[in-house]
Amino acid sequence: MSWNWQEELKEIVRTAVERKLNNLVLESQWENSASIHGLVYTEPVRREEILLCRRELDACKKSGLSFEQAREELIEKLSERLLKLLLEIKRMEMERLLPYTIISVSDLTDDLSTAHYVYLSRNPGDREPLGSSIREEMRKLSRKYPEQLPDGGHVILPREYDMTFIVGFINHFYGRKN
């Protein structure tokens with residue numbers, strides 16, 4: 001039996017999304033999901049991420065799920081969405097459908113993707129430049145390629161150290177035989 005790197009990656013992404021959602025104080029979001037007032041969040045979390053979680057939690061609440069069920073469903077849904085988007089971007093890069101790299105690294109850009117390198121040069125003080133550059137590119141790509149990347153603007157990105165590991169993992173294993 002061979003090792004399946006995609007399954008391993010799925011678990012890594014799921015764990016990273018769960019860790020990020022723990023910073024969103026989901027129980028408070030659950031209690032306030034129908035309101036955009038009283039947002040509860042910590043520094044590495046963006047307002048749009050909270051609003052996305054609240055919409056998802058509100059839908060779960062309306063369907064009659066308990067908080068624990070909704071939390072598990074949210075983690076699963078958001079991690080699957082992120083994994084699908086990252087792998088689709090990587091596929092598009094490998095097939096040279098994109099004019100520059102978003103995930104793939106290059107010797108020309110000090111082992112950064114082109115998008116990450118450009119983002120860093122414009123925003124040198126950003127504390128989470130990889131996540132910010134990927135988020136920015138996902139938005140652009142979801143408008144340009146809505147069929148391939150329909151949820152590009154509606155994603156939770158894990159913290160910077162998790163994104164660095166996930167992107168490195170994808171770059172290392174994508175396209176290899178199992």
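Conventions used here
- Residues numbered from 1 in each chain as written.
- Predicted model: local features only at pLDDT ≥ 70, side-chain atom pairs only at ≥ 80, totals over all residues.
- Heavy atoms only, no water.
- Helix = DSSP H or I, 4+ residues; strand = E, 2+ residues; numbered from the N terminus.
- Polar contact = N/O pair within 3.5 Å; in protein donor to acceptor, adjacent residues only side chain to side chain.
- 1 Å grid on protein atoms, 1.4 Å probe; cavity = no way out; pocket = protein on both sides within 12 Å on 5 of 7 lines; lining within 4 Å.
- Points joined across faces, edges and corners; volume = space filled by probe spheres on them.
- Nonpolar A, V, L, I, M, F, W, Y, C, P; charged D, E, K, R; others polar.
- Expected span 1.5 Å × (residues − 1).
- Buried < 20%, exposed > 50% of the residue type's maximum accessible area, 1.4 Å probe, protein only.
- Axes fitted to C-alpha atoms, helices over the stretch in contact; angles between N-to-C directions.
- Parallel < 35°, antiparallel > 145°, perpendicular 65-115°, else oblique.
- Left-handed = near helix turned anticlockwise from the far one by under 90°.
- Contact = heavy atoms within 4.5 Å.

A. Quick peek at the environment of S121. Considering the arrangement of structural elements, one finds S121 in helix α5 (residues 114-122). A distance of 2.7 Å separates a polar side-chain atom of S121 from the backbone oxygen of V118.

B. The arrangement of empty space enclosed by the protein in detail. Under the defined criterion, the tally for this structure stands at one cavity of 30 Å³ or more. In this model, the largest cavity occupies a volume close to 40 Å³. At the level of secondary structure, the elements contributing two or more residues to the lining of the largest cavity comprise α1 (5-22) and α4 (67-94). For the lining of the largest cavity, the element with the most residues is α4, which contributes four residues. Partitioning the lining of the largest cavity into residue classes produces two nonpolar, one polar and four charged.

C. Spotlight on α1. For α1, which comprises 18 residues, the first-to-last C-alpha distance of 26 Å matches the rise-based estimate of 26 Å (1.5 Å per residue) to within 8%. Among the residues of α1, those classed as buried are W5, L9, I12, V13, R14, A16, V17, K20 and L21. Where α1 begins, one side-chain oxygen reaches toward the backbone nitrogen of Q6, 3.0 Å away; that side chain belongs to N4.

D. Summary view of the packing of α5 against helix α6 (residues 129-144). Packing of α5 against α6 leaves a shortest axis separation of 9 Å and a crossing angle of 115°. By the angle between their axes, α5 is roughly perpendicular relative to α6. Read as a crossing pair, α5 and α6 show a hand that is right-handed. Facing α5, whose interface residues are A115, H116, Y119, L120 and R122, α6 presents P129, L130, S132, S133, E136 and E137. Its residues assigned to classes, the contact of α5 with α6 shows five nonpolar, three polar and three charged.

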